[in-house]
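Summary of the model geometry
What follows is the residue order along each chain.
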Amino acid sequence: MASDTGASYGSTLRYKSVERIKAVGKHSLIGASGEFSDFQEILRYLDELTLSDHMWDDGNSLGPKEIHSYLTRVMYNRRNKFDPLWNSLVLGGVKKGPKGEEKYLGMVNMIGTHFEENHIATGFGNHLAIPILRAEWHEDMTFEEAVKLVEKCLLVLLYRDRSSINKFQIAKITTEGATIYPPYSLKTYWGFAHFENPAQGAVGSW
């Protein structure tokens, strides 16, 4: 899972060190785009959920599939009250089951639409990152290969989205637990001819 660390106030990139990937319980990671204050509210809900689950002390713990199901109900409930939580959420995780390690990746948006997939992007990534992921993702990728592919997507988004920031965070989760790596920047090159004069040759351009 990956995201940038920028948070905008209107069209101003106001905050540049905002972490939008969090661990949930023992088996899950959540990432969010959209309204950051609504994401903080969702994290409060999840803290209450995981605390309640822990207090049962029955040897079981909520997995990513259960948490994703809970989030779909929360988002749809708020949408029906005409007071939606303005986020798109990605929930991923790994939990040991009867068939061994069970991997899970799902998303839910602000109106409760949800699905599971092998790769997911939100926001501008739906348009620019998903085609790259569909072309280059394969199931037996190593962690290093996956990071390179994600960085390629992040770099494309950085070049094409003026609201993005060159400061990213990567996270992974295994049966041993979640690891959220410190933010870092990617090497960029802005000397492409179309970057220097994007309107050259365009018909009817300003």
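Refer to the structure above for everything that follows.
In this text, all values refer to a predicted model and were calculated from it rather than measured experimentally.

A word on the overall build of the protein. The helix and strand tally for the protein stands at 6 helices and 10 strands. The globule rule puts the C-alpha radius of gyration for 206 residues at 17 Å, and the 19 Å found for the protein is close to it. Seen along its three principal axes, the alpha-carbon backbone of the protein occupies a region of about 65 × 40 × 25 Å. Here the protein holds 206 residues, and the buried ones make up 35% of them. When contacts within the protein are restricted to residue pairs at least 6 apart in sequence, those whose partners lie at least 24 apart make up 54%. Here the protein has roughly 13,100 Å² of accessible surface; of this, 52% comes from carbon and sulfur atoms. Positive and negative charge centroids in the protein, built from 23 and 25 side chains respectively, lie 4 Å apart.

One can find Glu151 in helix H5 (residues 143-160). On the accessibility criterion, Glu151 (22% relative accessible area) is partly exposed. Not counting the four nearest positions on each side in its chain, Glu151 is found in contact with Tyr184 and Leu186.

So, about the nonpolar core. Core analysis: the biggest nonpolar cluster contains 16 residues, and Ile30, Ile42, Leu46, Leu71 and Leu89 have the highest contact counts within it. Counting residues per element, the ones that place at least two in this core are strand S5 (28-34), helix H1 (36-56), helix H2 (64-80) and strand S6 (87-97). In terms of residue count, the dominant contributor to this core is H1 (5 residues). One finds Ala129, Ile132, Leu149 and Cys153 within the second-largest nonpolar core, a separate group that totals 9 residues.

Another point: H5. Here H5 is 18 residues long and its end C-alpha atoms lie 26 Å apart, about the 26 Å a rise of 1.5 Å per residue gives. Taken as a whole, H5 has its buried residues at Val147, Leu149, Cys153, Leu154, Leu157 and Leu158. Here the buried face of H5 lies against strand S1 (2-4), helix H3 (125-128), helix H4 (130-136) and strand S9 (168-174).

What follows deals with H1. Compared with the 30 Å implied by 1.5 Å per residue over 21 residues, the 31 Å span of H1 between its first and last C-alpha is a close match. For H1, the set of buried residues is Asp38, Phe39, Ile42, Leu43, Tyr45, Leu46 and Asp53. Seen from one end, H1 has its buried residues packed into an arc of 160°, which puts them on one side. Relative to its buried face, H1 has exposed residues pointing more than 90 degrees away, namely Asp47, Leu51, His54 and Met55. Packing partners of the buried residues in H1 comprise strand S4 (21-24), S5, H2 and S6. Phi turns positive one or two residues past the end of H1, at Asp57, with a value near 50°.

Another point: unusual backbone geometry. Located in the positive-phi region is Asp57, a residue other than glycine, with phi close to 50°. Mapped onto the elements, Asp57 comes out in the loop between H1 and H2. Of note, the phi angle at Phe82 is positive, near 55°, even though the residue is not glycine. By the secondary structure assignment, Phe82 is in the loop between H2 and S6. Relative accessible area serves as the criterion here: at 76%, Phe82 is assigned to the exposed category.

Turning our eyes to something else, we now look at the packing of aromatic side chains. For the coordinates displayed, the defined rule picks out 5 aromatic pairs. Relative to Phe192, the ring of Tyr189 lies with its centre 4.9 Å away and its plane at 85°, an arrangement referred to as edge-to-face. Exposure remark for Tyr189: the relative accessible area of 47% places this residue in the partly exposed category. Owing to a relative accessible area of 41%, Phe192 belongs among the partly exposed residues under this scheme. Chaining the aromatic ring pairs together yields one cluster made of Tyr159, Tyr189, Trp190 and Phe192. Across from the ring centre of Phe143, 4.6 Å away, lies the NZ or CZ of Lys172, which sits over that ring.

Cut-offs used in this document
Residues numbered from 1 in each chain as written. Predicted model: local features only at pLDDT ≥ 70, side-chain atom pairs only at ≥ 80, totals over all residues. Heavy atoms only, no water. Helix = DSSP H or I, 4+ residues; strand = E, 2+ residues; numbered from the N terminus. Rg over C-alpha atoms; globule rule 2.2 N^0.38 Å. Buried < 20%, exposed > 50% of the residue type's maximum accessible area, 1.4 Å probe, protein only. Contact = heavy atoms within 4.5 Å. Areas by Shrake-Rupley, 256 points an atom, 1.4 Å probe, with all protein chains shown as cover. Lys, Arg positive; Asp, Glu negative; His and termini not counted. Charge placed at Lys NZ, Arg CZ, Asp CG, Glu CD. Core = buried A, V, L, I, M, F, W, Y, C linked by side-chain atoms within 4.5 Å. Expected span 1.5 Å × (residues − 1). Arc of directions from axis to C-beta. Phe/Tyr/Trp six-rings, centres within 6.5 Å; stacked < 30°, edge-to-face > 60°. Lys NZ or Arg CZ within 6 Å of the ring centre and 35° of its normal.

All we've got here are geometric facts, nothing functional implied.
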